[in-house]
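The lines below spell out each chain.
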Amino acid sequence: MREKENLTLLGNQQTEYRMDYNPSVLEAFQNKHPENDYFVKFNCPEFTSLCPITGQPDFATITISYVPDERLVESKSLKLYLFSFRNHGDFHEDVINIIMKDLVKLLKPKYIEVWGKFLPRGGLSIDPYCNYGKPGTDWEQVAWNRMSNHDMFPERVDNR
């Protein structure tokens, strides 16, 4: 089966859960439909990282939505990658940008956006958003449009 060719984590019963940031765990596989534009969306409602100053845990829902080109991220590796932030200290905005940049490096997608909705701490929640559109393509303009119109009608924060 060609789909499993370079995948080491899927089906592996000896999975190691690393406790600090580890982008090397990310794996990708070939997109069978690169001629089609379609979104792949991941929701991680149990994301945890640490405040780099206090060491206190920060909890968030991370949403990753992308339009693949030649490669797709393998979901178990993505889960392990996101888990690797558990003991990683970084500001919310940094975490979201790091996730996006690691996925851009791995996948070279047509388009990707990453949105973190962090639970309030000290009465304040932070919801960083970043995106990327492949330069020289229509997706570059899509990224600009989505960024410039991002969160025009924000949700109420009493739903967390």
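Below or above, wherever it landed, is the structure these notes cover. (Residues numbered from 1 in each chain as written. Predicted model: local features only at pLDDT ≥ 70, side-chain atom pairs only at ≥ 80, totals over all residues. Heavy atoms only, no water.)

A closer look at the overall build of the protein
Turning to step 1, where the next piece is worked out: Secondary structure summary: the protein contains three helices and six strands in total.
Turning to step 2, where the next piece is worked out: Look at the contacts in the protein between residues 6 or more apart in sequence, and 67% of them connect residues 24 or more apart.
Turning to step 3, where the next piece is worked out: For the protein, the accessible area works out to roughly 9,500 Å², and carbon and sulfur atoms hold 53% of it. (Helix = DSSP H or I, 4+ residues; strand = E, 2+ residues; numbered from the N terminus. Contact = heavy atoms within 4.5 Å. Areas by Shrake-Rupley, 256 points an atom, 1.4 Å probe, with all protein chains shown as cover.)

A short note on the sheet that holds strand β5 (residues 111-118)
Turning to step 1, where the next piece is worked out: With respect to topology, four strands assemble into an open sheet ordered β2-β3-β5-β6, the strand pairing being antiparallel. Each having just a single partner strand, β2 (40-50) and β6 (129-133) make up the two edges of the open sheet. Going from strand to strand, the sheet's axes swing by 15° on average, the running direction of each strand aside.
Turning to step 2, where the next piece is worked out: Across five bridges, the pairing between β5 and β6 is antiparallel. Looking at the pairing, Trp 115 lines up with Tyr 129 of β6.
Turning to step 3, where the next piece is worked out: Here helix α1 (residues 75-83) sits on the sheet in contact with β2 and β3 (57-67), set at roughly 25° to β2.
Turning to step 4, where the next piece is worked out: Sitting on the sheet, helix α2 (residues 92-107) touches β2, β3, β5 and β6, and the angle it makes with β5 is about 155°. (Pairing = 2+ DSSP bridges. Axes fitted to C-alpha atoms, helices over the stretch in contact; angles between N-to-C directions.)

Observations regarding the packing of aromatic side chains
Turning to step 1, where the next piece is worked out: One pass over the structure, following the stated rule, counts 10 aromatic pairs.
Turning to step 2, where the next piece is worked out: Judged by centre distance (5.1 Å) and plane angle (55°), the rings of Tyr 21 and Phe 85 are tilted. Of this pair, Tyr 21 sits in the segment before β1 (28-30) while Phe 85 sits in the loop between α1 and α2, and the two are 64 residues apart along the sequence.
Turning to step 3, where the next piece is worked out: Exposure remark for Tyr 21: the relative accessible area of 27% places this residue in the partly exposed category.
Turning to step 4, where the next piece is worked out: By relative accessible area, Phe 85 is classed as buried at 0%.
Turning to step 5, where the next piece is worked out: Arranged with centres 6.4 Å apart and planes meeting at 85°, the rings of Phe 39 and Trp 139 form a pair that is edge-to-face. Within this pair, whereas Phe 39 is found in the loop between β1 and β2, its partner Trp 139 is found in helix α3 (residues 138-148), the two being separated by 100 residues in sequence.
Turning to step 6, where the next piece is worked out: The partly exposed category is assigned to Phe 39, whose relative accessible area is 42%.
Turning to step 7, where the next piece is worked out: Within the aromatic cluster, the residues linked to one another by ring pairs are Tyr 21, Phe 47, Tyr 81, Phe 85 and Phe 118. (Phe/Tyr/Trp six-rings, centres within 6.5 Å; stacked < 30°, edge-to-face > 60°. Buried < 20%, exposed > 50% of the residue type's maximum accessible area, 1.4 Å probe, protein only.)

Quick notes on the pattern of salt bridges
Turning to step 1, where the next piece is worked out: Evaluation of the coordinates by the stated rule reveals four salt bridges.
Turning to step 2, where the next piece is worked out: As a salt-bridge pair, Lys 110 and Asp 37 come within 2.6 Å of each other at their nearest N and O atoms. Linking Lys 110 in the loop between α2 and β5 with Asp 37 in the loop between β1 and β2, this pair joins segments that are 73 residues apart in sequence.
Turning to step 3, where the next piece is worked out: The exposure class of Asp 37 is partly exposed, given its relative accessible area of 48%.
Turning to step 4, where the next piece is worked out: With a shortest N-O distance of 2.7 Å, Lys 134 and Asp 69 are connected by a salt bridge. Here the residue Lys 134 occupies a position in the loop between β6 and α3, and Asp 69 occupies one in the loop between β3 and β4 (71-73), the gap between them amounting to 65 residues. (Salt bridge = Lys/Arg side-chain N within 4 Å of Asp/Glu carboxyl O.)

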